[in-house]
Amino acid sequence: MNDSLENTNRDAKLQILILDDEAIVCKRLKPAFQKAGYDVETFTDSASAMSRVNEKKFDIVITDLKMEGEDGMRFLSRIKETAPDTGVIVITGFATPESAKESFHKGAFDFVAKPFRLSDIIDTVRRLEKQIRSKD
């Protein structure tokens, strides 16, 4: 790969998918991540989000844990089966040591308890971005 192509890939916006059944969370996170320089798509149901994952590669997935239908833990497993290189951050208002341990066991990059400050979740994504870009 030549230098200009490497720089292009390194400078490309990372693609983030956010899945949370609380629309207010998606509404709050999307503009914050867009302002931070990311391309963002949001979903409030796991079926639509999984359908989109099957169409497009995302660099980062942020998923809620407790949702109606397929929960975030199952969604995490399916993401890792479909796109093992995708970094997954689990967010939840029902954090327990067991759910954190299970998330990490299934391949989550990090586990963030709600409520969180925007700066905290952006910092988490930046740490994941650094890890992703170091692999390029």
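None of these values were measured; they are calculated from a predicted model.

If you check UniProt for "modified residue: 4-aspartylphosphate" (unreviewed entry), the listed places come out as D64 in our numbering. Tracing the backbone through its elements, the reader meets D64 in strand β3 (residues 60-64). Overall, the relative accessible area of 3% leaves D64 in the buried class. When neighbours within four sequence positions are excluded, D64 is seen to be in contact with L19, D20, D21, G72, I91, T92 and K114.

It is worth spelling out unusual backbone geometry at this point. Between K114 and the following residue, P115, the backbone shows a cis peptide bond with an omega angle of -5 degrees. Within the secondary structure, P115 is located in the loop between β5 (110-113) and α6 (118-135).

This part is about the nonpolar core. Generally speaking, soluble globular proteins have nonpolar side chains that are buried together. Grouped together as the largest cluster of nonpolar side chains are 22 residues, with contacts concentrated most on I16, F33, I60, I62, I89 and I121. Mapped onto this core, the elements with two or more residues apiece are β1 (15-19), α2 (23-35), β3, β4 (87-92) and α6. Apart from residues lying up to four places away in sequence, I121 is in contact with L29, F33, I89, I91, V112 and F116. The next biggest cluster of nonpolar side chains, apart from the first, holds 19 residues, and it includes L17, L19, M67 and M73.

So, about the packing of aromatic side chains. Applying the stated criterion across every chain, the model contains one aromatic pair. Centre to centre, the rings of F33 and Y38 are 6.0 Å apart; their planes meet at 70 degrees, and the pair counts as edge-to-face. Owing to a relative accessible area of 0%, F33 belongs among the buried residues under this scheme.

On to the UniProt feature "domain: Response regulatory" (unreviewed entry) in the protein, then. In the numbering adopted here, UniProt assigns the feature "domain: Response regulatory" (unreviewed entry) to residues 15-129. Annotation note: span residues 15-129, helix share 48%, strand share 22%, distance between end C-alpha atoms 10 Å.

This part is about the environment of E68. Structurally, the position occupied by E68 is in the loop between β3 and α4 (72-82). On the basis of relative accessibility, which here comes to 75%, the residue E68 falls in the exposed class.

Tallying each qualifying case throughout the model produces 15 salt bridges. Between E102 and K106 there is a salt bridge, with the nearest N and O atoms lying 3.9 Å from each other. Taking the shortest distance from any N to any O, the salt bridge between R126 and E129 comes out at 3.7 Å. Here E129 and R126 lie together in helix α6, a separation of three residues that amounts to about one turn.

Another aspect to go through is the side chain of T92. Within the element layout of this structure, T92 appears in strand β4. By relative accessible area, T92 is classed as buried at 0%. Looking at T92, its side chain comes within polar contact range of the main-chain nitrogen of F94, at 2.9 Å. Apart from residues no more than four positions distant in its own chain, T92 is found in contact with D64, L65, K66, F111, V112, A113 and K114.

On to the sheet that holds β1. Taken together, five strands build an open sheet; the order of strands is β2-β1-β3-β4-β5 and the sheet is parallel. Two strands lie at the open edges of the sheet, namely β2 (39-43) and β5, each paired on one side alone. Geometrically, the sheet is characterised by an average inter-axis angle of 20 degrees between neighbouring strands, direction not taken into account. Where β4 and β5 come together, four bridges link them in parallel fashion. Pairing of I91 across the sheet is with V112, part of β5.

Criteria and thresholds
- Residues numbered from 1 in each chain as written.
- Predicted model: local features only at pLDDT ≥ 70, side-chain atom pairs only at ≥ 80, totals over all residues.
- Heavy atoms only, no water.
- UniProt positions renumbered as here; feature names shortened; annotations may be inferred.
- Helix = DSSP H or I, 4+ residues; strand = E, 2+ residues; numbered from the N terminus.
- Buried < 20%, exposed > 50% of the residue type's maximum accessible area, 1.4 Å probe, protein only.
- Contact = heavy atoms within 4.5 Å.
- Core = buried A, V, L, I, M, F, W, Y, C linked by side-chain atoms within 4.5 Å.
- Phe/Tyr/Trp six-rings, centres within 6.5 Å; stacked < 30°, edge-to-face > 60°.
- Salt bridge = Lys/Arg side-chain N within 4 Å of Asp/Glu carboxyl O.
- Polar contact = N/O pair within 3.5 Å; in protein donor to acceptor, adjacent residues only side chain to side chain.
- Pairing = 2+ DSSP bridges.
- Axes fitted to C-alpha atoms, helices over the stretch in contact; angles between N-to-C directions.

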